[in-house]
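Report on the structure
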Amino acid sequence: MQTQEQVVPIRTPESSFDDDVLTVIQPDGTLDASVDPKLPTETVLDFYKAMVRTRVIDEQLVRLQRQGRIGFHIGSLGEEACIIGSAAAMRPNDWIMPCYREFGALLWRGFPLQSYVDNMYGNADDVVKGRQMPDHYTGKPYRFGSVSSPIGTQMTQAVGIAHAAKLKGNDEAVSVYFGEGATSSNDFHTGMNFAGVLKAPVIFLCRNNRWAISVPSEKQTASKTFADKGVAYGIPAVRVDGNDILATYKVVRECVERSGEEGPFLVEMLTYRVGGHSTSDDPRAYRVQDEVEQWRRTDPVLRLRRHLETEKHWDEAKDEAWKKECEAELKACIAAAEEKPKPSLESMFEGVWEEKPWHLEDQQEQLLNGPRAKDHH
Ligand SMILES: Cc1ncc(C[n+]2csc(CCOP(=O)(O)OP(=O)(O)O)c2C)c(N)n1
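Predicted model only: the values in this text are computed from it and were never measured.

Conventions adopted
Residues numbered from 1 in each chain as written. Predicted model: local features only at pLDDT ≥ 70, side-chain atom pairs only at ≥ 80, totals over all residues. Domains from an automatic or database assignment. Contact = placed C-beta atoms within 7 Å. Buried ≥ 20, exposed ≤ 12 C-beta atoms within 10 Å, placed from the backbone. Helix = DSSP H or I, 4+ residues; strand = E, 2+ residues; numbered from the N terminus. Right-handed = clockwise from strand over helix to strand, strands pointing away. Pairing = 2+ DSSP bridges. Core = buried A, V, L, I, M, F, W, Y, C linked by C-beta atoms within 7 Å. Axes fitted to C-alpha atoms, helices over the stretch in contact; angles between N-to-C directions. Left-handed = near helix turned anticlockwise from the far one by under 90°. Nonpolar A, V, L, I, M, F, W, Y, C, P; charged D, E, K, R; others polar. Near = placed C-beta within 6 Å.

**Things to note about the domain arrangement of the protein**
Structurally, the protein comprises domain 1 (15-343) and domain 2 (344-377). One C-alpha centre belongs to domain 1, the other to domain 2; they are set 37 Å apart. With 4 residues of domain 1 in contact, the opposing surface of domain 2 contributes 4 residues.

Below you can see the structure in the form of structure tokens.
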């Protein structure tokens with residue numbers, strides 16, 4: 001009698017990605033010349049400055065939340081390289097669809113810091129008129145989509161935008177960020193499936209930061225890697241050291257350039273969420289501090305700084321001066337945001353309809369002329 005192994009060609013889920021992670025910046029600060037994207041020094045300095053600026057903002061926003069001056073912040077501490085490196089790899093006409101940790105990508109695109117801080121305060125100048133939680137920004141003129149809290153929604157939206165661009169004959173790619181936890185959402189399946197079938201030019205950027213709030217990545221999936229998931233949908237996938245900004249830039253840039261002809265790519269960016277999930281979370285309840293300390297040693301900001309210092313392009317004095325500049329810029333934006341009024345009552349009726357329907361006209365009139373005080377929120 002034959003055993004089952006001899007007749008049934010069952011394929012075991014062996015991973016083809018096990019040790020295949022691209023790194024450019026070595027721990028001692030030197031570059032692996034065979035994979036170095038060879039960017040101009042000025043560009044690499046811009047990367048570093050953007051990462052430091054993002055970190056300064058992150059740290060200050062947590063303080064503001066603790067002081068009760070803003071309600072919430074969801075940050076990118078430890079994930080700056082994969083966020084800024086991938087944003088920098090997108091071409092000016094490409095679209096970026098955020099998850100919720102990507103304010104660094106939005107600022108990289110040129111969104112004014114004041115507008116970002118206004119969003120944190122939900123004041124009259126907030127782009128979403130105070131209708132969302134803090135950190136739910138959007139920047140259409142910057143080709144940057146809107147943060148939406150329900151996990152995964154941005155993936156199907158990104159595929160729709162990419163498919164539309166393709167139908168119009170526009171040479172535009174769309175990148176979309178999500179955490180590894182979001183690979184368990186329905187929208188991941190729907191988005192990946194449609195992107196694969198339609199060959200939509202989408203770069204799926206999975207920030208594998210090891211934690212989905214309190215769920216560790218090893219409990220998120222039985223797949224060996226998150227990159228493996230691309231293979232199932234017929235989507236080429238790659239793993240990259242997400243704490244190495246040059247490696248992330250190189251990988252994402254190649255995917256972007258090929259996406260017009262070849263369709264979607266999945267990039268698993270290996271990183272670590274150093275902070276809590278958000279200011280509403282205390283990670284000490286579910287993870288050991290030792291783990292965080294270990295990851296701090298691969299800190300993306302220190303890694304790039306070590307490289308720039310090895311090459312004599314940066315030093316302690318420049319670092320101090322740049323941090324002070326970032327702090328002063330942020331302080332001025334916070335002071336201005338705190339002076340601004342709340343959105344007006346009538347702003348509730350703006351920004352959705354090109355022509356306001358009669359029932360909204362009615363409701364607006366009732367609200368503004370009714371018994372409710374005009375400054376009531
Ligand atoms: C559909 C849905 N389910 C649950 C939540 C609550 N929630 C918010 S963030 C989060 C974890 C997401 O983890 P991951 O996708 O890995 O991203 P990360 O926060 O680590 O960047 C969960 C479960 C939600 N926002 N939407």
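**A look at the pairing of strand S4 (residues 202-208)**
Along S4, 7 of the 7 residues are buried, which leaves the element largely enclosed by surrounding structure. Alternating positions in S4 separate into two faces, Val202, Phe204, Cys206 and Asn208 on one and Ile203, Leu205 and Arg207 on the other, with burial throughout. Between strand S3 (residues 174-179) and its parallel partner S4, the chain crosses via helix H7 (residues 186-198), and the hand of that crossover is right-handed. As paired strands, S4 and strand S8 (residues 265-270) are joined by 6 bridges and run parallel to one another. Bridged to leucine 205 within S8 is valine 267.

**Observations concerning the nonpolar core**
Considering soluble globular proteins, one finds that nonpolar side chains tend to be buried as a cluster. Of all hydrophobic cores here, the largest spans 84 residues; its most connected members are Ile84, Val176, Val202, Ile203, Phe204 and Val267. With residues near it in sequence (within four places) discarded, phenylalanine 204 still touches Val176, Met192, Pro264, Phe265, Leu266 and Val267.

**Examining the packing of helix H2 (residues 41-66) against helix H11 (residues 300-310)**
Running from N to C, H2 and H11 point in directions that differ by 145°, and their axes come no closer than 10 Å. Like other packed secondary-structure pairs, H2 and H11 cross with a definite hand, here left-handed. Packed against H2, whose contacting residues are Val44, Leu45, Phe47, Tyr48, Met51, Val52 and Arg55, the element H11 presents Pro300, Val301, Leu304, Arg305 and Leu308 at the interface. Residues of the contact of H2 with H11, tallied by class, amount to 10 nonpolar, no polar and 2 charged.

**What to know about the pairing of strand S7 (residues 237-241)**
On a regular strand, one side chain projects to one face of the sheet and the next to the other, so that they alternate. Of all the 5 residues making up S7, 4 are buried; the element is thus mostly covered by neighbouring parts of the structure. Of the strand pairs in this sheet, strand S1 (residues 21-22) and S7 are connected by 2 bridges, and their pairing is parallel. Looking at the pairing, valine 21 lines up with arginine 239 of S7. When S7 meets S8, the two strands line up parallel, connected through 5 bridges. Across the sheet, arginine 239 pairs through a bridge with glutamate 268, a residue of S8. One crossover worth recording links S7 to the parallel S8 by way of helix H9 (residues 245-262), and it is right-handed.

**Description of the sheet that holds S7**
Taken together, the 6 strands give an open sheet; going across it, the order is S1-S7-S8-S4-S3-S2, and neighbouring strands pair in parallel fashion. The sheet is open, and its two borders are formed by S1 and strand S2 (95-97), each paired with just one other strand. The pairing of S3 with S4 spans 6 bridges and is parallel. From the neighbouring strand, glycine 179 faces S4, where its bridge partner is arginine 207.

**Notes on the site of the ligand**
Around the ligand lies a shell of 16 residues, among which Ile151, Gly179, Gly181, Ala182 and Ala212 are the nearest. For the shell around the ligand, the secondary structure elements donating two or more residues are S3 and strand S5 (211-212). By residue class, the composition of the shell around the ligand is 7 nonpolar, 5 polar and 4 charged.

**What about unusual backbone geometry?**
Residues other than glycine seldom take positive phi values, yet lysine 38 does so here, at roughly 55°. Along the chain, lysine 38 falls in the loop between S1 and H2. Despite not being glycine, aspartate 135 shows a phi value in the positive range, around 65°. With respect to the helices and strands, the residue aspartate 135 is situated in the loop between helix H5 (113-121) and helix H6 (153-168).

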